[in-house]
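Each chain is listed here by its residues.
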Amino acid sequence: FITMNPGYAGRQELPENLKSLFRGVTMMVPDREIIMKVKLTACGYKDASLLAKKFNVLYALCEEQLSKQAHYDFGLRNILAVLRTAGSSKRNEVEKAEQELLMRTLRDMNLSKYVSEDVPLFMSLLDDLFPGLRAEKQKHKEVEGAIAQAVKDMGLQYHEEWVLKVVQVYEMCLVRHSIMHVGPSGVGKSRIVETLHKSLMLVKADQNLPPMVGQPHRELRMNPKAITAPQMFGCLDVIANEWTEGIFAQLWRKANKDRKNFTWLMLDGPVDAIWIENLNTVMDDNRILTLANNDRIPMLRPNVTLGFEVEDLRNASPATVSRAGVIFISELDLGFMPYVRTWLASQSAKGFAELLEPLFSEKMDAIIEFVRNECRSRMQCSTIALMTSMCNLIDGLLKDLAPSDNGASFDQTGVERVFMYTTCWSVAGILETDDRTKFDAFLRTMFHGMPEVEGTDTIYEYTIDAAKMSWVHWGERIPDWAYTGTELAVDFPKLVIPTIDSARTLYNLERTSAMNRAVLLVGGPGTAKTSSILQVLAKQDPTTTMFKKISMSGASTPLIFQKTIEGSIEKRQGKTFGPPGGKNMIVFVDDISMPQINNWGDQPTLEILRQLVEQGGLYNLQKPGEIMQIVDLLVVGCMLHPGGGKQDIPNRAKRHFHVMNVTLPSMTSIQMIFGRLVALMYPEDGGLDAELLAMSGKLVELTVNVWESTKAKMLPTPAKFHYIFNLRDLSRVFHGIFMCNASTVKDEHTLLALWKHEAMRVFSDRLVNADDKKWFEDTVNNALVETCGSSKASKLKGDVSFVDFLQPPGEDPESGEELPAPKLYEPAGSVDVVKGVITSYMKKFNESNKLHSMDLVLFEDAMLHFMRVSRLLAMPRGNALLVGVGGSGK
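A quick note: this is a predicted structure, and the numbers were derived from the prediction, not measured. (Residues numbered from 1 in each chain as written. Predicted model: local features only at pLDDT ≥ 70, side-chain atom pairs only at ≥ 80, totals over all residues. Heavy atoms only, no water.)

Novice: Sorry if this is basic, but what is going on with the sheet that holds strand S9 (residues 325-328) here?
Specialist: What links the strands of a sheet is backbone hydrogen bonding, and the strands pair in either a parallel or an antiparallel sense. In spatial order, the strands read S2-S5-S8-S1-S9; together these five strands make up an open sheet with parallel pairing. Two strands in the sheet have a free side with no partner beyond their single neighbour: strand S2 (217-222) and S9. Looking at each pair of strands side by side, their axes are set apart by 20° on average, direction ignored. Looking at chain direction, strand S1 (residues 178-182) and S9 are connected through four bridges and run parallel. Residue pairing across strands places histidine 181 opposite isoleucine 327, the latter belonging to S9. In the packing of helix H8 (residues 160-175) onto the sheet, contacts are made with S1, strand S5 (262-268) and S9, and the angle to S9 comes to roughly 180°. (Pairing = 2+ DSSP bridges. Helix = DSSP H or I, 4+ residues; strand = E, 2+ residues; numbered from the N terminus. Axes fitted to C-alpha atoms, helices over the stretch in contact; angles between N-to-C directions. Contact = heavy atoms within 4.5 Å.)

In C-alpha cells:
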C-alpha cells in the first residue's frame, strides 16, 4: 500500500512508471456524524444521536464563520481527540448530564487554540447549540494546586490567563503526544513548559492520576532551523555506505531509552514544510521515527512528549496541523506587567521598587500606545522585548547613579527621572529625530520633572547627573578631543570626533552591556554604528575581556557562524566551553540582518545566533546529540533600517536584544565635526591670507547646503539605484579638500575651485544623465553665488580638475637612478598638459611590459575618467564602483 496526499508543499508526486503499477483509490471525506455517533455510543453516551448532530453542526459552523488561521484544524484527528476526552469525562463522572459533559469538553478542548478575536463568536455558537447550559471547568485539583506552588517557587506572578494556558497544555498532553505552542515572541511559551514540569514533579504519584503526574520530568531542546536536514536526521554516505546519525535522531534515541524520566523533546524554531513532514510518522498514530538507513525507532509513550514552539504556522501543511494539538498563546494572555512585577520583586531596594511600580502600571500603556500609533518606529519590536530592555537599562543605570544602595535613597522625582530616561532609550529608543520631538511633547503632558530645553533640543539631549539627580545636557559630557597625527588626509578615515550623539550612544551601550544584555544598533548608513561599538570594545580591559568581530553577508551560513564561534572558544570542564584564559568575550556581529532569507521566509543563520543567545549553547556537530554550553559570551550587533529592500531579523531573535536607533547627527554636530577639522587644516595662527581664512570658515555650511539639496532631489529609483547620499559622502568632500596641502592653496579662489572639484567628484560623478548633472552644477553655482557673491562665483564657471601625478620623477643624486614621482595634489591646468603626462607614463609601461602593452586613444572623456579613478586610488579607503552599460570602457 502507498498512502499519499500530493497536493501541497513538502510533498512530491510519484513518478508515472511507478504510479502505473498501482491501482489508485480515492479516499472521500467521510460522514463525520456517523463516526461521532458510533464513538459516543461506545463511550457510554445514551443520547449519542443528538449529541453527534450538535457536535457536527458546531464544527461545520466553526469552519465557515471563524477567522482563517493556519493553526486551526477541525478534521478527524481533532474530532477523535475530543471524543477521547469526552469518553474519559463520562467514565469519571457517570452521574453528570451528558449534554453538560460534551459541551464542557468541546469548550475546553477548542478554546486553547483560538485567537482572542474568535473566542466570543465560538462561545455564542456553543450557547446556541446548548442553550442555557453553564458547565463548570473540569478541575484537576492536585495539578492546579501544584502549578500555583511552582509559580511561587520560580518567583513568577500568578496571572490567571497565563496559568490557564499551563492547565490547557496539561490537558492537551493527556490526549495528544505531540503539542504545538503557537504565539508571538515573549508570551511565555518556554516558561509554560518549565512551570508544568515543576508542578507535575511536585504532586505525589497516585493510581487515580495520569502516569506522567508525580514523575521526574526533563527537557531536551533544539532549534531545527539552526542546522540542515541531514544534520538533523542523519545522512547516508552513498560511496562508503556509512550512516552518520543526526542530532534529532540521537536525541530521539536517548529520550526513548530513558524509562526513569518523562522526557519532553522541544523543537524550538520556525516550521517549514520540509523538516516537519519528515516527522509525520512520529506525530500521527504510528509514533515511529523512520530514518533514511531504514531504522525505525518507536516512541515510548507516555514517557515521551514531542513539543514545538513556533511563532506562527504559515508554512505548515494541513496534515501537520491536524497531527498536533495546538495551544495558541496571545500577547493579551500575559501582557508586560507580570514580567515587570517579577523584576521589581527582585530589586534589593524595596522603596525604589514601590515608587517605580505605579509609574509602570499607570503610565506605560499610554506611552506604548502613543509610540505604536502616533510615531513611526524604525523597527517593530514586541512590547515584552521593550520592557526587558527598559528594566535592564534601569539596572545598568542604578550601577552608575547609585552603586552603593541601588536607588534606595531616591525620592519620587529621582525615580521619575530614571523612568523617563530609560523609557526614551528603550520604548522610544527606536524613533527617528522628528518622532522624538513628538514623544518629548507627549511626555511633557504626563510628567512635570522634564528638563528645561532650548531651541530644538528635547529630553534626548539630557542625561541624569549622579551627584544631584538632576538633568544635565549631554554637551557637558562630551570628552575633549585633540588631533595628535601629522597628516590629516592620511589619518582622516580613522578619526573619531566625539559629539552629543556618539557620547549618549556609547553611554547607553555600556550601561546595557554591563548587565550582560545583547545590544543591537539600527540606523541609516554612515551614522557611526560600527565605530560606536568598536569604541566600546576598545575601552574593555584586555586582561579580562576579548572581542571577536564577525561581518555577516548574504553568503553567511549557520555552519560558517558555528565554526567561527567554535574557533574562539576552548573547553573548560565537562560540556562547558568558554573564551580562552577564563576571559569574557564580546562577539560583534556587523550587518546582522544580511544573511539570506530562504524560501520559507526564515534566516537559518540568525536562528543559530538566537540559539546561542537564548540557550547559551550550540550542538556539537562532531558528536550528534551533545550540546556545548558556552559561557562568558555577549553578542552585540548592528544593522541598517529594515524596509526598502533591506531585511529585518526574526522577532524571536530580536527579543533578546536591546534595540537602539542611531539617528543622523544634528546639524550642530555636523558643523562642529567638520568645522574643527577645517580649522586644523587652515589654522588662524598659520599666517594664511585673511580672505582664505574667512572662506575656509564658510566651507562647512556651503557643503552641507549642497548635500541637503542633493539628498532631497536625487532620490533612488530602480534605474538610479545608487543615488544614495549619506553622511559618508559629506565626509568624502572634506577628505578630498584635506588631500591638498595648505601650501598649494594660496588664495581664496584656489580653495573654492578645490571645493567645487571635490563636490563635483563626490556627487556629480554618481549622476547618470546630462539633466541630473546640469541640475547639480546649477545647484553648486547658486550656492557659490550666495556664499561669496556673483563676481567670485563667475570665475569658477566651467570644470577645474585636481590631480596628483603631474610632478616629474626625482633623481637620486648619488646613483643617478630615477625615483618615483612625488604625489602632490594640485590643479591640473590644461587638458593638453595632463594628456602629455599620461602618454609618457603609458610609454614607460609599454617599454617595461612588452606582452601587456597598451595603445589607448586618450580622448577627453577617457582622460576625465582616468583622473577621477586616480583620485580615488590615492585616497585611503578609496573604493570605486563603476556603473555603466557594457562596452563603455569601464
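Novice: Please clarify how the pairing of strand S19 (residues 633-640) should be interpreted in this entry.
Specialist: It is a general feature of regular strands that their side chains alternate between the two faces of the sheet. Most of S19 is tucked away, with seven of its eight residues classed as buried. With six bridges connecting them, strand S16 (residues 584-590) and S19 associate as parallel partners. When the sheet's bridge partners are listed, phenylalanine 588 is paired in S19 with valine 636. (Buried < 20%, exposed > 50% of the residue type's maximum accessible area, 1.4 Å probe, protein only.)

Novice: Is there a simple way to think about the nonpolar core in this case?
Specialist: The tendency in soluble globular proteins is for nonpolar side chains to be buried side by side. Leu356, Phe360, Met364 and Phe439 are the most contacted members of the largest nonpolar core, which totals 98 residues. Ignoring any residue separated from it by four or fewer positions in sequence, one finds leucine 356 in contact with Trp343, Leu344, Ile394, Val415 and Phe419. By size, the runner-up hydrophobic cluster in this structure holds 70 residues, among which are Leu83, Leu220, Trp275 and Ile276. (Core = buried A, V, L, I, M, F, W, Y, C linked by side-chain atoms within 4.5 Å.)

Novice: I tried to follow the packing of aromatic side chains on my own but got confused; where do I start?
Specialist: Between two aromatic rings, the relevant description is the distance of the centres plus the angle of the planes. Applying the stated criterion across every chain yields a total of 25 aromatic pairs. When the centroid spacing of 5.8 Å and the interplanar angle of 85° are considered together, the rings of phenylalanine 805 and phenylalanine 866 count as edge-to-face. Of the two residues, phenylalanine 805 sits in the loop between strand S21 (802-803) and strand S22 (826-827) while phenylalanine 866 sits in helix H33 (residues 860-874), which places them 61 residues apart along the sequence. A relative accessible area of 39% places phenylalanine 866 in the partly exposed class. (Phe/Tyr/Trp six-rings, centres within 6.5 Å; stacked < 30°, edge-to-face > 60°.)

Novice: Honestly, a nonpolar patch on the surface in this entry has me stumped. Any pointers?
Specialist: Among the surface-exposed residues, Ile2, Met4, Leu21 and Phe22 lie close enough to one another that they form a single nonpolar patch of about 410 Å² accessible area. As for its position among the elements, isoleucine 2 is in the segment before helix H1 (16-19). (Patch = residues over 30% accessible without salt bridge, like charges linked within 9 Å, V, L, I, M, F, W, Y side chains within 5 Å. Areas by Shrake-Rupley, 256 points an atom, 1.4 Å probe, with all protein chains shown as cover. Salt bridge = Lys/Arg side-chain N within 4 Å of Asp/Glu carboxyl O.)

Novice: Even after reading the chapter, I still don't get the sheet that holds strand S12 (residues 518-523), so can you show me in this structure?
Specialist: The strand order across the open sheet built from five strands is S13-S16-S19-S12-S20, with neighbouring strands paired in parallel fashion. Each having just a single partner strand, strand S13 (545-551) and strand S20 (657-662) make up the two edges of the open sheet. Each strand axis lies, on average, 20° off the axis of its neighbour in the sheet, ignoring direction. Of the strand pairs in this sheet, S12 and S19 are connected by five bridges, and their pairing is parallel. Paired with leucine 520 across the two strands is glycine 637, which belongs to S19.

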